[in-house]
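Report on the structure
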Amino acid sequence: MSMRAHGNVGLLCACALVLVPASAQALEFTGGVSVGGIQVGTEPKLAVSPFAGWLWRKERDFRIEVHNMLSIIPGARVGVYDRTAVTVGYVTKTGNVSLGPALSLYSMPVCGAVLCNRVMGLAPGGRAQSDWYFAGRLGVSTSLNVDWAGGSSRVLPGSVVVMVTAGPIWRFGGESK
């Protein structure tokens, strides 16, 4: 699947949420930047990850969220890992937790036990996230992502990609519970 097709899938999910009737108080946008580690191959790497989410509160305590995180892996050969997830979460007055499937596009340098190479592809996976607001609309977000990279590769043993991130989050619009 090309990057254009991946973008179309994300746009389709966003459009589906717009078409579902909801009151204005049910919509909420979040954004922030996280820093964390990504484990791909045998070498863990640092990742800087700006992210944005669009939340739609279906019921009082539950929500549906479309979330996109673009992770940039700095270094001599820069890597990019873009993940879009649709999650279902539970909302409290000071935070929320969510869980759901994700789809990622990646192009990054990876080192295996013997050699290093650039890998590119599409990976299905899962995402768990928690957001805690401690100063009104300002809070902290943590996420755990696990993806299964396709194909067999001597550079990418096990085909598993794990990323853990944490960073500040800001809530735009919507009402807190």
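As the structure is a prediction and not an experimental result, all values here were calculated from the model.

1. Things to note about the overall build of the protein chain
In terms of regular secondary structure, the protein chain is built from 1 helix and 8 strands. In the protein chain, which comprises 177 residues, the share counted as buried stands at 42%. With the model as given, the accessible surface of the protein chain reaches about 8,900 Å², and the carbon-plus-sulfur share is 69%.

2. Remarks on the packing of aromatic side chains
Applying the stated rule across the entire model yields 3 aromatic pairs. Pairing Tyr81 with Tyr106 gives two aromatic rings, centres 5.5 Å apart and planes at 15°, and the pair type is stacked. With Tyr81 in strand β4 (residues 79-91) and Tyr106 in strand β5 (residues 95-111), this pair connects stretches of sequence that are 25 residues apart. Residue Tyr81 is classed as buried on the basis of its relative accessible area, which comes to 0%. For Tyr106, a relative accessible area of 7% gives the class buried.

3. Considering the pairing of β4
For strand β3 (residues 62-73) and β4, the ladder comprises 12 bridges, and the chain directions are antiparallel. By the bridge assignment, Arg63 is partnered in β4 with Gly89. Counting the residues between successive antiparallel strands, the hairpin from β3 to β4 contains 5 residues, one of them, Gly75, with a positive phi of roughly 145°. In the sheet, β4 pairs with β5 via 10 bridges, with the strands oriented antiparallel. The residue bridging Tyr81 from the neighbouring strand is Tyr106, located in β5. Counting the residues between successive antiparallel strands, the hairpin from β4 to β5 contains 3 residues.

4. Quick word on the confidence of the model for the protein chain
Taken residue by residue, the protein chain gives an average pLDDT of 77. The fraction at 70 or more is 73%. Overall, residues 1-24 carries pLDDT values under 50, and its contacts beyond four positions in sequence, including any with other chains, amount to 22 contacts.

So, how was this worked out
- Residues numbered from 1 in each chain as written.
- Predicted model: local features only at pLDDT ≥ 70, side-chain atom pairs only at ≥ 80, totals over all residues.
- Heavy atoms only, no water.
- Helix = DSSP H or I, 4+ residues; strand = E, 2+ residues; numbered from the N terminus.
- Buried < 20%, exposed > 50% of the residue type's maximum accessible area, 1.4 Å probe, protein only.
- Areas by Shrake-Rupley, 256 points an atom, 1.4 Å probe, with all protein chains shown as cover.
- Phe/Tyr/Trp six-rings, centres within 6.5 Å; stacked < 30°, edge-to-face > 60°.
- Pairing = 2+ DSSP bridges.
- pLDDT = per-residue confidence, 0-100.
- Contact = heavy atoms within 4.5 Å.

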